[in-house]
Amino acid sequence: MYIETSDPTYKTSLFNAIVAPRPIGWISTLDETGAPNLAPFSYFNGMSATPPMVMFACNQPADRDEKDTLNNVRRTGEFVANLATYALREEMNGSSATVPHGVDEFELVGLAKGASRCVKAPRVAASPVAMECRLLRVIDFEPEAAGERRSSVVFGRVLALHIDDAYLDEAGRFNMLKARPLARLGGFTYLAVGDVFEMGRPKVAAG
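Residues numbered from 1 in each chain as written. Predicted model: local features only at pLDDT ≥ 70, side-chain atom pairs only at ≥ 80, totals over all residues. Heavy atoms only, no water.

**Overview of the overall build of the chain**
Here is step 1 of the chain: When its secondary structure is counted, the chain shows five helices and twelve strands.
Here is step 2 of the chain: Oriented by its inertia axes, the alpha-carbon framework of the chain measures out at about 50 × 50 × 35 Å.
Here is step 3 of the chain: Out of the 207 residues in the chain, the part that is buried amounts to 35%.
Here is step 4 of the chain: Pairs at least 24 apart in sequence give 61% of the contacts found in the chain among residues at least 6 apart.
Here is step 5 of the chain: On the chain, roughly 12800 Å² of surface is accessible, and the fraction owed to carbon and sulfur atoms is 53%.
Here is step 6 of the chain: For the chain, the separation between the mean place of its 22 positive charges and that of its 25 negative charges on side chains is 4 Å. (Helix = DSSP H or I, 4+ residues; strand = E, 2+ residues; numbered from the N terminus. Buried < 20%, exposed > 50% of the residue type's maximum accessible area, 1.4 Å probe, protein only. Contact = heavy atoms within 4.5 Å. Areas by Shrake-Rupley, 256 points an atom, 1.4 Å probe, with all protein chains shown as cover. Lys, Arg positive; Asp, Glu negative; His and termini not counted. Charge placed at Lys NZ, Arg CZ, Asp CG, Glu CD.)

**What about empty space enclosed by the protein?**
Here is step 1 of the chain: What the rule picks out here adds up to two cavities of 30 Å³ or more.
Here is step 2 of the chain: For the lining of the largest cavity, the secondary-structure elements that each account for two or more residues are strand S3 (36–41) and helix H2 (68–76).
Here is step 3 of the chain: Within the lining of the largest cavity, the residues separate by chemical class into five nonpolar, four polar and three charged.
Here is step 4 of the chain: When its residues are assigned to classes, the lining of the second largest cavity shows three nonpolar, three polar and three charged. (1 Å grid on protein atoms, 1.4 Å probe; cavity = no way out; pocket = protein on both sides within 12 Å on 5 of 7 lines; lining within 4 Å. Points joined across faces, edges and corners; volume = space filled by probe spheres on them. Nonpolar A, V, L, I, M, F, W, Y, C, P; charged D, E, K, R; others polar.)

**Considerations on the sheet that holds strand S4 (residues 44–49)**
Here is step 1 of the chain: Read across the sheet, seven strands follow the order S3-S2-S6-S9-S10-S5-S4 without closing on themselves; strand pairing throughout is antiparallel. Two strands close off the open sheet at either side, each with one partner strand: S3 and S4. Neighbour-to-neighbour, the strand axes of this sheet turn through a mean angle of 30 degrees, independent of strand direction.
Here is step 2 of the chain: Strand direction decides the pairing type here: strand S2 (residues 25–30) and S3, joined by six bridges, are antiparallel. Paired with leucine 30 across the bridge in S3 is proline 36.
Here is step 3 of the chain: Sheet contacts for H2: S2, S3, strand S5 (52–59), strand S6 (78–83), strand S9 (129–141) and strand S10 (151–163); angle to S2, the most-contacted strand, approximately 55 degrees. (Pairing = 2+ DSSP bridges. Axes fitted to C-alpha atoms, helices over the stretch in contact; angles between N-to-C directions.)

**Here's the deal with the packing of aromatic side chains**
To describe a pair of aromatic rings, one takes the distance between the centres and the angle between the planes.
Here is step 1 of the chain: Across all of its chains, the model carries three aromatic pairs by this definition.
Here is step 2 of the chain: Measuring from centroid to centroid gives 5.4 Å for phenylalanine 56 and phenylalanine 79, while their planes differ by 80 degrees, and the two rings are edge-to-face. You can see phenylalanine 56 sitting in strand S5 and its partner phenylalanine 79 sitting in strand S6, a full 23 residues away along the chain. Each member of the pair, phenylalanine 56 as well as phenylalanine 79, is classed as buried.
Here is step 3 of the chain: Through pairs of rings, three or more aromatic residues link up here, namely Phe41, Phe56 and Phe79. (Phe/Tyr/Trp six-rings, centres within 6.5 Å; stacked < 30°, edge-to-face > 60°.)

**Brief notes about the pattern of salt bridges**
Here is step 1 of the chain: Within the structure shown, the criterion is met by seven salt bridges.
Here is step 2 of the chain: Notably, a salt bridge pairs glutamate 66 with arginine 74, separated by 3.1 Å at the nearest N-O pair.
Here is step 3 of the chain: Under the relative-accessibility criterion, glutamate 66 is labelled buried at 12%.
Here is step 4 of the chain: Exposure remark for arginine 74: the relative accessible area of 33% places this residue in the partly exposed category.
Here is step 5 of the chain: Put simply, glutamate 66 and arginine 150 hold a salt bridge, and the shortest N to O gap is 3.8 Å. Remark: arginine 150 occurs in the loop between S9 and S10 and glutamate 66 occurs in the loop between S5 and H2; sequence separation between them is 84 residues. As far as the burial class goes, glutamate 66 and arginine 150 line up, both buried. (Salt bridge = Lys/Arg side-chain N within 4 Å of Asp/Glu carboxyl O.)

So, in structure tokens, the structure goes:
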């Protein structure tokens, strides 16, 4: 099979299923009036450990200029990236619903808010990890072909981590198997972390 992305028969669902699994960034923000917002983004990842940075991306919605999350980040310059886990899968999915502006997704799905320290936006109290972030930059990519929409990539500097001690082992390492983070596959298919294995970096003998 060969298909160019400009071909009318090209489907984004095919691309989404191939570029997978994709970690889910569960992003919480506040608008300028202090109203909270919570939404999951499957185009999310870490960018660097030193300095600690994360990114998430979203497309322009069909019904308005941009999503509330993106608008909030632009105006306040901050957000919190919460870890979406298997235990919180229903709440994560529920927070993805299209609701009117101003609806509190925390209340909608029955999640308690946790206080942040470096930013004003709340965190998901039940999540094993929350990363308080300061906005570094938003890069907007305008559509180039019919049917496309603007895509915006948000880069944030991680200022602080909230980690539930119950998910740390004796050596202070985060227990991914216990947390079971969620990742997005194609369509409505998700993946929770299961089997893991280690592979040491190979050493090549000199000369």
